[in-house]
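# Examination of the molecular architecture
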Amino acid sequence: MQDLRRGLAEVTLPARFQVLPGRPQVILDVAHNVEAAYTLAENLAAAGFAAETIAVCGMLRDKDIAGVLRALAPRITRWHLASLPGARGASADQLAKNLDGVVEKFESPAQAFVAAMGRAGEGDKIVVFGSFLTVGEVMAWLKKNKTSKR
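Residues numbered from 1 in each chain as written. Predicted model: local features only at pLDDT ≥ 70, side-chain atom pairs only at ≥ 80, totals over all residues. Heavy atoms only, no water.

## Examining helix 6 (residues 132-144)
Look at helix 6: 18 Å from first C-alpha to last across 13 residues, which is about the 18 Å you get at 1.5 Å a residue. Those residues of helix 6 not exposed but buried are Thr134, Val135, Val138, Trp141 and Leu142. For helix 6, the buried positions fall inside an angular range of 125° around the axis, keeping them on one side. Opposite the packed face of helix 6, turned more than 90 degrees from it, sit the exposed residues Phe132, Lys143 and Lys144. For helix 6, the secondary structure elements touched by its buried residues are strand 1 (18-20), strand 2 (25-28), strand 3 (53-57), helix 5 (109-119) and strand 6 (125-129). You can read the cap of helix 6 off the contacts: a side-chain oxygen lies 2.9 Å from the backbone nitrogen of Leu133, and it is on Ser131. (Helix = DSSP H or I, 4+ residues; strand = E, 2+ residues; numbered from the N terminus. Expected span 1.5 Å × (residues − 1). Buried < 20%, exposed > 50% of the residue type's maximum accessible area, 1.4 Å probe, protein only. Arc of directions from axis to C-beta. Contact = heavy atoms within 4.5 Å. Polar contact = N/O pair within 3.5 Å; in protein donor to acceptor, adjacent residues only side chain to side chain.)

## Description of the confidence of the model for the chain
Looking at the chain as a whole, its pLDDT mean stands at 90, while 87% of the residues score no less than 70. Note on residues 4-13: pLDDT under 50 across the span, and 0 contacts to partners over four residues away in sequence or across chains. (pLDDT = per-residue confidence, 0-100.)

## Comments concerning the layout of surface pockets
Computed from the structure, the largest pocket encloses a volume of approximately 170 Å³. Residue lining of the largest pocket: Leu44, Ala45, Gly48, Phe49, Ala50, Ala51, Thr53, Pro74, Arg75, Ile76, Thr77 and Lys125, and that is the complete set. Classifying every residue of the lining of the largest pocket gives 7 nonpolar, 3 polar and 2 charged. (1 Å grid on protein atoms, 1.4 Å probe; cavity = no way out; pocket = protein on both sides within 12 Å on 5 of 7 lines; lining within 4 Å. Points joined across faces, edges and corners; volume = space filled by probe spheres on them. Nonpolar A, V, L, I, M, F, W, Y, C, P; charged D, E, K, R; others polar.)

## Remarks on the pairing of strand 3
Counted residue by residue, strand 3 has 5 buried out of 5 residues, so it is predominantly covered. Residues of strand 3 alternate between two faces, with Thr53, Ala55 and Cys57 on one and Ile54 and Val56 on the opposite face, all of them buried. As defined by bridge partners, strand 3 adjoins strand 6 across 5 bridges and the pair is classed as parallel. Counted as the bridge partner of Val56 is Val128 from strand 6. Bridge analysis of strand 3 against strand 4 (residues 78-82) gives 4 bridges, and the strand direction is parallel. For Cys57, the partnering residue across the bridge sits in strand 4 and is Leu81. Taken together, strand 3, helix 3 (residues 65-72) and strand 4 constitute a β-α-β crossover, and its handedness is right-handed. (Pairing = 2+ DSSP bridges. Right-handed = clockwise from strand over helix to strand, strands pointing away.)

Take a look at the structure:
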């Protein structure tokens, strides 16, 4: 029983508030529904201060885009919105219709992430979320490209 408890205590789920080593801080979370977005927002609030928190977000059209973005909006200072491919993918323009404030639009999650890395200072946060497709593309990019800031 003790082994079972220890095993459960040590379980981690990739891309569920996964904090990558290095600066700026990069957080990966596949949050793509309202409940997961509120949990992500709570975790961001508890994760300490950052002068800027840049969201890299791409979502599927059949999700509650407005609800997810509304849940995270109080924690985000800048939005990097990415279009996702395929029939279910939402465009960056579709996402932007649900937001006020500083919004930049990109053709892909990788492009949005590269721009966020170029913008972020060492003390900032970049949170990548909205879809398994979004996080997966950024993870693939990170694996392929070692950036000078990381």
